[in-house]
Amino acid sequence: MARNLEQLRNIGIIAHIDAGKTTVTERMLYYSGASHRMGEVDKGTTVTDFDPEEQQRGITIRAACVTFPWLDCTVNLIDTPGHVDFTAEVERSLRVLDGGVVVFSAREGVEAQSETVWRQADKYGVPRIAFINKMDREGADFDGTFNEIRDRLEANPVAIQVPAGAGPPHVKEAFRGVIDLVEMQYLTFASESLGKEIQRNPIPADLADLAELWHGEMLERLFEFSNELAELVLEKATVPPALIRQVLREATLHRLIVPVLCGSALDHIGIQPLLDAVTYFLPSPADKPPVEGVDPKRRDVTIIRKPRVDEPFCGLVFKIDADKHGDLHYVRVYSGELKANSRALNPGKDKKENVPQLWHIQADRREQVPMVTAGDIVGIIGLRHSITGDTLCDTQHPILLETIEFPETVISMAIEAESSTERKKLADALEMLKRQDPTFRAQENEETGQTLISGMGELHLEVIQHRLLSDYNLNVRVHKPRVSYRETVDRPADVLGECHRQQGGQSLFAEVRIRMEPYPQGGPGVVVVPGGPNVLPEPYLSIVIDGLTEQGHGGGLLGCPLMRVKITVLGGQVHETESNEIAFRYAASDAFKKGLQAAGSVLLEPIMRLQITTPEENLGDFISDLQQRRAIITNTIHRGRLAVLEAEAPLANLFGYSSAMRGLSQGRATCSMEPAAYGPAPQEVADSFV
Ligand SMILES: Nc1nc2c(ncn2[C@@H]2O[C@H](COP(=O)(O)OP(=O)(O)OP(=O)(O)O)[C@@H](O)[C@H]2O)c(=O)[nH]1
Ligand SMILES: [Mg+2]
């Protein structure tokens with residue numbers, strides 16, 4: 001795949017569910033010539049939603065990679081799912097991509113999940129452009145959505161297009177084309193050719209004022225980024241489109257602005273200009289700063305690799321398609337080159353990996369390639385030790401890149417194989433599903449024969465259950481889903497952990513004093529720190545810290561995984577002859593147990609953030625229903641005849657909410673929910689754990 005690095009774009013399409021990502025992708029593939037037939041989500045015929053589960057549901061579940069040419073560039077694109085249960089797919093894609101296209105529905109504006117994916121893109125420093133889709137729909141509102149991008153996402157949007165009209169054909173001033181504010185032209189897309197033919201005309205008189213207004217606004221927003229442009233504007237001279245594009249590019253790459261375009265993917269309007277914008281404004285791998293990692297043997301030493309072919313090879317495994325005949329590992333190559341039939345190092349696991357085959361991936365099709373270089377995305381078959389988030393690098397030049405963090409699971413469900421012969425089959429199948437999905441967990445309980453599976457939501461677990469049946473021919477009995485609880489401690493407690501015992505005729509002595517306390521800013525497990533410089537001599541201090549950290553991975557008093565707990569090692573007693581490492585391990589374990597008892601426990605439950613869009617007349621019903629579910633309503637926004645309710649409620653009270661919601665609004669409301677935080681569970685739930 002040798003080519004000029006400047007002519008490569010690795011981009012992701014991200015958005016709220018149903019905004020039109022897969023439809024936009026499908027159109028891009030068609031206009032670029034990479035696919036000869038234009039598929040539709042509603043018919044289950046798109047290239048990227050190739051999985052039968054996706055086709056039946058009409059939603060994307062797994063991120064899919066495709067490649068196509070545009071202008072003088074090669075575009076590698078990942079179509080991601082919008083449903084919050086599959087957020088891991090967005091996380092891993094954004095971690096390895098260079099730029100993003102964020103799709104909004106002009107009718108719904110900035111929705112809950114648009115905010116989430118926007119923040120994810122911020123986290124990874126991904127420059128992006130925005131596409132306001134569905135301009136053909138009743139109630140489509142370009143200005144409203146544009147303002148929400150500015151206000152709700154706190155972005156700096158710059159419109160480089162505005163729509164000509166809005167809404168479906170039967171309305172007056174229906175949506176019919178777009179005005180290009182850079183070239184100051186009116187673009188229409190011939191429907192006979194499915195939008196393939198574009199007419200570029202002068203702006204019609206009735207749209208001239210609108211175009212001038214937005215053109216001026218665009219230039220004003222670009223003032224501060226270019227003196228040359230500012231001077232031309234002040235002199236009232238025409239600013240050449242090439243200069244505008246150059247300034248737009250610079251500012252987008254530095255994430256100072258977000259160019260905004262619009263169209264209707266379904267009606268074939270506005271896709272080619274969006275593709276132009278991808279190549280003009282989004283970064284090539286060469287525009288990105290060098291990747292940073294650490295020396296795997298000395299993690300305080302930072303190492304960088306420039307995005308160049310002549311640097312040593314490094315890449316990151318970001319996705320796995322598990323398969324009985326050999327997993328397919330997706331790798332983003334950051335530097336150097338990688339050949340088939342070579343070896344690479346997995347520095348995190350300190351294992352050499354054989355790299356037998358390299359594959360170029362086009363959704364569900366693959367083509368073998370002999371070599372890949374910096375900037376590429378490649379599939380490798382034959383790796384044995386690597387999992388998602390692992391680095392692969394040149395065996396002679398180790399570098400360990402930062403791994404990918406995935407969110408905690410919030411919901412669990414017990415499942416059982418139909419027969420004991422199927423039990424082994426089930427265990428193998430779950431193992432494969434776990435390999436490809438880092439937000440899916442499964443743990444067998446030897447005593448009950450049940451397996452507890454956990455994931456990100458009801459849909460996530462339902463899809464897993466379907467997969468077991470369709471892909472593995474396993475019919476499992478399922479129990480009711482329940483919330484994945486966590487626990488933390490209630491109050492600070494100082495305790496003394498002791499070891500005074502005889503072992504093998506030898507006296508063991510150690511004492512450790514610790515404080516265990518709630519730590520709201522902490523994550524899963526416990527954070528262990530020494531209380532000062534010489535609280536305990538080494539190696540005992542390290543032994544105690546490691547021992548306490550390890551204990552923290554187990555459950556708390558109620559048997560749920562611990563989180564938000566801090567332990568400070570305050571001091572201890574060392575005996576000249578009777579203290580050793582084993583004694584301190586015992587003392588640490590004793591301190592941990594006593595600490596949990598003394599600090600008390602608090603059961604935590606997942607709290608979800610909800611966003612409900614409902615016709616105004618049903619608003620009251622929704623509010624009273626939410627109150628019964630222990631919800632706190634955080635915001636109400638009015639958009640035309642629709643009301644948008646934002647609330648937070650415990651997941652435990654939201655099972656089956658989608659059908660309740662349909663009942664309340666005769667199917668006219670839509671809702672999205674995502675995990676917001678863990679909060680204290682009510683006492684009666686906590687009591688049931690004791
Ligand atoms: N009216 C109209 N409908 C559209 C447009 N684009 C997409 N749709 C429809 O909106 C629905 C969702 O489209 P998708 O392309 O699957 O949306 P998505 O963002 O990929 O959805 P997920 O992958 O499930 O998050 C489908 O019924 C599409 O036909 C558009 O521009 N106008
Ligand atoms: Mg999709």
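Thresholds, definitions, all that
Residues numbered from 1 in each chain as written. Chains lettered and ligands numbered in written order. Predicted model: local features only at pLDDT ≥ 70, side-chain atom pairs only at ≥ 80, totals over all residues. Heavy atoms only, no water. Helix = DSSP H or I, 4+ residues; strand = E, 2+ residues; numbered from the N terminus. Rg over C-alpha atoms; globule rule 2.2 N^0.38 Å. Buried < 20%, exposed > 50% of the residue type's maximum accessible area, 1.4 Å probe, protein only. Areas by Shrake-Rupley, 256 points an atom, 1.4 Å probe, with all protein chains shown as cover. Near = heavy atom within 4 Å. Nonpolar A, V, L, I, M, F, W, Y, C, P; charged D, E, K, R; others polar. Donors = N, O, S within 2.8 Å, 3.2 Å for Na, K, Ca; no water. Contact = heavy atoms within 4.5 Å. Polar contact = N/O pair within 3.5 Å; in protein donor to acceptor, adjacent residues only side chain to side chain. Pairing = 2+ DSSP bridges. Axes fitted to C-alpha atoms, helices over the stretch in contact; angles between N-to-C directions. Phe/Tyr/Trp six-rings, centres within 6.5 Å; stacked < 30°, edge-to-face > 60°. Expected span 1.5 Å × (residues − 1). Arc of directions from axis to C-beta. Disulfide = S-S within 2.5 Å. Salt bridge = Lys/Arg side-chain N within 4 Å of Asp/Glu carboxyl O. Core = buried A, V, L, I, M, F, W, Y, C linked by side-chain atoms within 4.5 Å. Left-handed = near helix turned anticlockwise from the far one by under 90°. Parallel < 35°, antiparallel > 145°, perpendicular 65-115°, else oblique.

S.K.: So what's going on with the overall build of the protein chain? Which residues, and what values?
M.R.: Summing up its helical and strand segments, the protein chain has 16 helices and 38 strands in all. Here the protein chain has a C-alpha radius of gyration of 28 Å; the compact-globule value for 690 residues is 26 Å, and the two agree. Dimensions of the protein chain along its principal axes, counting C-alpha atoms only, are 100 × 65 × 60 Å. The buried share among the 690 residues of the protein chain stands at 56%. Entry remark: accessible area of the protein chain is about 30,100 Å², with carbon and sulfur atoms responsible for 48%.

S.K.: So, the site of ligand 1: which residues are in play, and what are the values?
M.R.: As a structural note, the neighbourhood of ligand 1 is formed by 20 residues, with K21, T23, D42, T60 and D136 the closest of them. Against a free-state accessible area of 650 Å², the protein chains account for coverage of 92% of ligand 1. The element best represented in the shell around ligand 1 is helix α1 (residues 21-32), accounting for 3 residues. For the shell around ligand 1, the per-class residue count stands at 7 nonpolar, 7 polar and 6 charged.

S.K.: How would you summarise the coordination of the magnesium ion (ligand 2) if you had to cite specific residues and measurements?
M.R.: The magnesium ion (ligand 2) binds to the protein through T22 (OG1) and T60 (OG1), with metal-donor distances spanning 1.9 to 2.0 Å. With T22 in helix α1 and T60 in the loop between α2 (52-57) and β2 (64-70), the pair connects residues that are 38 residues apart, well separated along the chain. The burial state of T22 is the same as that of T60; both residues are buried.

S.K.: Go over the environment of R564, please, and point to the residues and values.
M.R.: The residue R564 is located in the loop between α12 (540-553) and β34 (565-573) in this model. Of the residues examined, R564 reaches a relative accessible area of 18% and is grouped as buried. Sequence-wise, R564 and P520 are 44 residues apart; in three dimensions their C-alpha atoms are separated by 5.4 Å. When residues no more than four places from it in sequence are discounted, the contact partners of R564 are T488, E517, P518, Y519, P520, G522, G523, G525, L604 and Y678. Engagement of the side chain of R564 in a polar contact is seen with the backbone oxygen of Y678, the distance being 2.9 Å.

S.K.: Can you lay out the sheet that holds strand β4 (residues 99-105) for me, pointing to particular residues and giving the numbers?
M.R.: Spatially, the 7 strands line up as an open sheet ordered β2-β3-β1-β4-β5-β11-β6, and their pairing is mixed. Of all strands in the sheet, those bounded by a partner on one side alone are β2 and β6 (157-159). Averaged over all neighbouring strand pairs, the angle between strand axes comes to 30 degrees, with direction disregarded. Bridge count for β6 against strand β11 (residues 258-262) is 3 bridges, and the pairing is parallel. When the sheet's bridge partners are listed, P157 is paired in β11 with V258.

S.K.: Can you break down the packing of aromatic side chains residue by residue, with the values?
M.R.: Describing an aromatic ring pair means giving the distance of the ring centres and the angle of the ring planes. Under the criterion given, the structure shown has 8 aromatic pairs. A ring pair is formed by F142 and F146, whose centres lie 6.2 Å apart and whose planes are at 25 degrees; its orientation type is stacked. Placement of both F142 and F146 in helix α5 (residues 142-151) is noted, with a separation of 4 residues, approximately one turn of the helix. In terms of burial, F142 and F146 fall into one category: buried.

S.K.: An account of helix α10 (residues 420-436) is needed here, citing residue identities and associated values.
M.R.: For α10, with 17 residues, the first-to-last C-alpha span of 25 Å sits near the 24 Å given by 1.5 Å per residue. Residues of α10 that are buried include every one of E422, L426, A429, L430, M432, L433 and Q436, and no others. For α10, the angular spread of the buried residues around the axis is 160 degrees, confining them to a single face. Away from the buried face of α10 by more than 90 degrees, exposed residues S420 and K424 are located.

S.K.: Lay out the state of the cysteines in plain terms, naming residues and giving numbers.
M.R.: Within the structure shown, the criterion is met by 0 disulfides. C73 carries a free sulfur, and the closest cysteine sulfur to it, the one in C65, is 18 Å from it. Residue C73 is classed as buried on the basis of its relative accessible area, which comes to 6%. C393 carries a free sulfur, and the closest cysteine sulfur to it, the one in C314, is 7.3 Å from it. In this structure C393 comes out as buried when scored by relative accessible area, which is 0%.

S.K.: Quick rundown of unusual backbone geometry? Include the residues and the values.
M.R.: Geometrically, the link from E538 to P539 is a cis peptide bond, its omega value of 5 degrees lying close to zero. Take P539: it is sitting in the loop between β33 (526-530) and α12. A positive phi is found at A363, a non-glycine position, where the angle reads about 55 degrees. Judged by relative accessible area, A363 falls into the buried class, the value being 6%.

S.K.: Run through the pattern of salt bridges, naming residues and quoting values.
M.R.: Counted according to the given criterion, the structure contains 41 salt bridges. Among the salt bridges present, the one from E89 reaches K319, with a minimum N-O distance of 3.3 Å. On the criterion of sequence distance, the pair formed by E89 in helix α3 (residues 87-96) and K319 in strand β14 (residues 314-321) is long-range, its members being 230 residues apart. The burial state of E89 is the same as that of K319; both residues are buried. In this structure, the salt-bridge partner of R491 is D490, at a minimum N-O distance of 2.8 Å. Among the charged side chains, a network of salt bridges with common partners joins D51, R62, D321, R467 and D471.

S.K.: Help me get a handle on the nonpolar core, residues and values and all.
M.R.: In terms of nonpolar packing, the biggest core is built from 83 residues, with M28, V101, F142, I149, M218 and L248 touching the most fellow members. Residues in contact with M218, not counting those within four places in the same chain, are V158, A159, I160, L181, V182 and I244. Judged by nonpolar contacts, the second largest core, of 47 residues, contains L474, L619, A643 and A649.

S.K.: I'd love a proper account of the packing of α10 against helix α11 (residues 458-472), names of residues and values included.
M.R.: Contact geometry for α10 and α11: axes closest at 11 Å, N-to-C directions at 115 degrees. Along this stretch, α10 crosses α11, giving a crossing that reads as right-handed. Packed against α10, whose contacting residues are K425, L426, A429, L430, M432 and L433, the element α11 presents I464, R467, L468 and Y472 at the interface.

S.K.: Account for the side chain of E53, naming residues and giving values.
M.R.: Mapped onto the fold, E53 is located in helix α2. The buried category is assigned to E53, whose relative accessible area is 7%. Separated by 2.9 Å, the side chains of E53 and R57 make a polar contact. A distance of 3.3 Å separates a polar atom in the side chain of E53 from a polar atom in the side chain of H466. Apart from residues no more than four positions distant in its own chain, E53 is found in contact with I61, V463 and H466.

S.K.: I'd like to hear about the packing of α1 against helix α9 (residues 271-281), residue by residue, with values.
M.R.: Interaxial distance between α1 and α9 falls to 10 Å at its minimum, and their mutual angle equals 85 degrees. As the angle between them shows, α1 and α9 are arranged roughly perpendicular. Of the residues in α9, those touching α1 at V24, R27, M28 and Y31 are I271, Q272, L274 and L275. Class assignment of the residues belonging to the contact of α1 with α9 gives a composition of 6 nonpolar, 1 polar and 1 charged.

S.K.: Let's hear about α1: which residues, and what values?
M.R.: The terminal C-alpha atoms of α1 lie 16 Å apart, and with 12 residues this matches the ideal 16 Å at 1.5 Å per residue to within 8%. Of all the 12 residues making up α1, 12 are buried; the element is thus mostly covered by neighbouring parts of the structure.

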